[in-house]
Amino acid sequence: MRISELARQAGTTPRALRYYEEQGLLHPARLASGYRQYDEQALRAVRHIQLLLSAGLNTTAIAEILPCIPDDVTVLAPTCPELLDELAAERARITRSMQQLGAARDVLDRLLQNDPR
DNA sequence: ATTCTTACA
DNA sequence: TGTAAGTA
């Protein structure tokens, strides 16, 4: 299928699909016309990408992870240690962010305590 | 009509 | 990420 078809099925835009390719996440074949040609497994790949992105992973991490995911996998389950490492690292980043946000909120709480209103 | 690349008031 | 331009 061509780019607009895949975009439609994946609920995204051709722009995003080209961006994924630019980031090394997708490798569609090319027609003689220069048009990108996506195979059947492309849709699942895009779904995996979207899932990983929603988990906060950057495209670099995802590019390293994707190759160790069997193309026949529907539900993304931790397969190789690569994936586990990336996920654990992202979780750690989230934990740190939460701590920083908590500290920022505490500061605001103290400032608000003197609010004359 | 669609897609492609490149670039950015 | 959107969008415009100029092609193929």
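For the structure given in this document, a descriptive report is provided here. Just so you know, these numbers come straight off a predicted model, no measurement behind them.

Another point: the overall build of chain A. Looking only at helices and strands, chain A features five helices and two strands. Listed N to C, the secondary structure of chain A is α-α-β-β-α-α-α in terms of helices and strands. Along the first, second and third principal axes, the C-alpha atoms of chain A reach 70 × 35 × 20 Å. Relative to its 117 residues, chain A shows a buried fraction of 26%. Pairs at least 24 residues apart make up 51% of the contacts formed inside chain A by residues separated by at least 6 positions.

Neighbouring DNA strand C are Thr13, Arg15, Ala16 and Tyr35. Across the atoms of DNA strand C situated within 4 Å of the protein, the share located in sugar and phosphate is 12%. One of the side-chain N or O atoms of Thr13 is found 3.5 Å from a phosphate oxygen in DNA strand C. The contact in question runs from a base oxygen of DNA strand C to an N or O atom on the side chain of Arg15, over 2.7 Å. Split into classes, the residues belonging to the surface near DNA strand C amount to two nonpolar, one polar and one charged.

This part covers the pattern of salt bridges. One pass over the full model with this rule turns up four salt bridges. Between Glu21 and Arg30 there is a salt bridge; the shortest N-O distance is 3.5 Å. Accessibility expressed as a relative area gives 46% for Arg30, which makes it partly exposed. Across the pair Glu90 and Arg93 runs a salt bridge, and its minimum N-O distance is 2.8 Å. Pair noted here: Glu90 and Arg93 are both in helix α5 (residues 81-113), with a separation of three residues, about one helical turn. On the accessibility criterion, Arg93 (35% relative accessible area) is partly exposed.

Here the focus is the protein's contact with DNA strand B. In the region of DNA strand B, the neighbouring residues are Arg2, Ile3, Ser4, Arg18, Arg30, Gly34, Tyr35 and Arg36. Sugar and phosphate atoms represent 85% of those atoms of DNA strand B found within 4 Å of the protein. Ser4 is positioned with one of its side-chain polar atoms (N or O) 2.4 Å from a phosphate oxygen of DNA strand B. For the surface near DNA strand B, the class distribution of residues is two nonpolar, two polar and four charged.

What follows covers the state of the cysteines. Simply put, the disulfide is a covalent bond whose two ends are the sulfur atoms of two cysteines. Evaluated as defined, the whole model comprises one disulfide. At a sulfur-sulfur separation of 2.3 Å, the disulfide partner of Cys68 is Cys80. Pair noted here: Cys68 is in the loop between α4 (59-65) and α5 and Cys80 is in the loop between α4 and α5, with a separation of 12 residues, a long-range link. A residue is classified by how much of its surface remains accessible, and Cys68, at 23% relative accessible area, is partly exposed.

Another aspect to go through is the environment of Thr60. Turning to its location among the elements, Thr60 is positioned in helix α4. Classification of Thr60 as exposed rests on a relative accessible area of 51%. With 35 residues separating them along the chain, Thr60 and Leu25 place their C-alpha atoms 8.6 Å apart.

Cut-offs used in this document
Residues numbered from 1 in each chain as written. Chains lettered and ligands numbered in written order. Predicted model: local features only at pLDDT ≥ 70, side-chain atom pairs only at ≥ 80, totals over all residues. Heavy atoms only, no water. Helix = DSSP H or I, 4+ residues; strand = E, 2+ residues; numbered from the N terminus. Buried < 20%, exposed > 50% of the residue type's maximum accessible area, 1.4 Å probe, protein only. Contact = heavy atoms within 4.5 Å. Near = heavy atom within 4 Å. Polar contact = N/O pair within 3.5 Å; in protein donor to acceptor, adjacent residues only side chain to side chain. Nonpolar A, V, L, I, M, F, W, Y, C, P; charged D, E, K, R; others polar. Salt bridge = Lys/Arg side-chain N within 4 Å of Asp/Glu carboxyl O. Disulfide = S-S within 2.5 Å.

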